[in-house]
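Listed below, chain by chain, are the residues.
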Amino acid sequence: MRAAQATSAHYAALYGLPPLSTLNDMPALTIAARLVHESPDADGQMRLYPTFPLPGRHEVFSLDDEELSAQQALRRHHVYGGDSSPIIALFEPTGLRHQEITTSLDRLAGVIDGHAHDARQAVLLLLEGQDFTATMDISEIPSHKVFQLRCDWDTFHEHRIRRRQHARTGTTVLADGHDSASEGTCGGQAAEGTG
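Read on for a plain summary of the structure.

Before going further, it helps to examine the overall build of the chain. Summing up its helical and strand segments, the chain has seven helices and nine strands in all. Sorting the 195 residues of the chain into buried and exposed places 25% on the buried side. Long-range pairs, those at least 24 residues apart, make up 45% of the contacts in the chain between residues at least 6 apart in sequence. Summed over its atoms, the accessible surface of the chain is roughly 13,200 Å², and 53% of this surface lies on carbon and sulfur atoms.

Structure representation (structure tokens):
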């Protein structure tokens, strides 16, 4: 919490404002940073409207290298994360999991209905994790060059899905609204679910 307060105070100071302490301080900061602008509506009431196009955080606030890197990673995940899903699906075309696929960026572009650049970024996003590896440097290969993309399913489940063991867990249903002897039952029948 203190780190967030220090960060917001730093951003406010960049625009000559005091540290944020009230709800009104946040709109004042967003106006000063030109994230929103204040204009009268049809009735003459002052309203806040978002700036379009909305600038990136790095254009509004000074970011250190670590913050800038984190923001770039968030943008990359936002833009190319959706393209990664159909690529992952190629490993399970018939429900059987493959450890490896042989493909090219041009082929993957067709799968994601995009451009080879989009396919490259989606694969690079997958390679950021510990579960996918490639036989070539994806950042530099020509889009027609064939390569193997591999998936370690155990690592995939551990890091991307956070696989839980299939366990049965009891559910407490209070029949009379009080914590009584009916705990764990509903109308005399045990209530269980899977987690």
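Resuming the write-up.
On to the sheet that holds strand β4 (residues 132-134). Pairing is antiparallel in the open sheet, where three strands are placed in the order β3-β5-β4. Edge positions in the open sheet fall to β3 (100-103) and β4, since each of these has one partner strand only. This sheet shows a mean twist of 20° between the axes of neighbouring strands, independent of strand direction.

This brings us to the pattern of salt bridges. All told, the structure shown has four salt bridges when counted by the stated rule. A salt bridge links Asp 41 to Arg 47; the shortest N-O distance between them is 2.9 Å. Among the residues examined, Arg 47 registers a relative accessible area of 42% and is labelled partly exposed. Between Arg 150 and Glu 100 there is a salt bridge, and its shortest N-O distance comes to 2.4 Å. In this pair, Arg 150 sits in strand β5 (residues 147-151) while Glu 100 sits in strand β3, placing the two residues 50 residues apart along the sequence. Overall, Arg 150 belongs to the partly exposed group, its relative accessible area being 36%.

Here we come to the packing of aromatic side chains. In this structure the tally under the stated criterion is four aromatic pairs. Considering the side-chain rings of Phe 91 and Trp 153, the 6.2 Å spacing of their centres and the 80° angle between planes classify their relative orientation as edge-to-face. A residue pair is termed long-range when its members are at least 10 positions apart, and Phe 91 in the loop between α4 (65-89) and β3 and Trp 153 in helix α7 (residues 153-161) qualify at 62 residues. The exposure classification of Phe 91 matches that of Trp 153, with both residues buried. Taking 5.0 Å as the distance between ring centres and 65° as the angle between the ring planes, the aromatic pair formed by Trp 153 and Phe 156 counts as edge-to-face. With Trp 153 and Phe 156 both in helix α7 and three residues apart, this pair spans about one turn of that helix. By relative accessible area, which is 6% here, Trp 153 ends up buried. Residue class for Phe 156 comes out buried when judged on its relative accessible area of 8%. An aromatic cluster is built from Phe 91, Phe 132, Trp 153 and Phe 156, whose rings are joined through pairwise contacts. The positively charged end of Arg 97 is found above the aromatic ring belonging to Trp 153, 4.2 Å away from the centroid.

Relative to strand β2 (residues 46-50), strand β1 (residues 36-40) runs antiparallel, the two sharing five bridges. Looking at the pairing, Val 36 lines up with Pro 50 of β2. Between the end of β1 and the start of β2, which pair antiparallel, lie five residues, with Gly 44 showing a positive phi angle near 85°.

Analysis parameters
Residues numbered from 1 in each chain as written. Predicted model: local features only at pLDDT ≥ 70, side-chain atom pairs only at ≥ 80, totals over all residues. Heavy atoms only, no water. Helix = DSSP H or I, 4+ residues; strand = E, 2+ residues; numbered from the N terminus. Buried < 20%, exposed > 50% of the residue type's maximum accessible area, 1.4 Å probe, protein only. Contact = heavy atoms within 4.5 Å. Areas by Shrake-Rupley, 256 points an atom, 1.4 Å probe, with all protein chains shown as cover. Pairing = 2+ DSSP bridges. Axes fitted to C-alpha atoms, helices over the stretch in contact; angles between N-to-C directions. Salt bridge = Lys/Arg side-chain N within 4 Å of Asp/Glu carboxyl O. Phe/Tyr/Trp six-rings, centres within 6.5 Å; stacked < 30°, edge-to-face > 60°. Lys NZ or Arg CZ within 6 Å of the ring centre and 35° of its normal.

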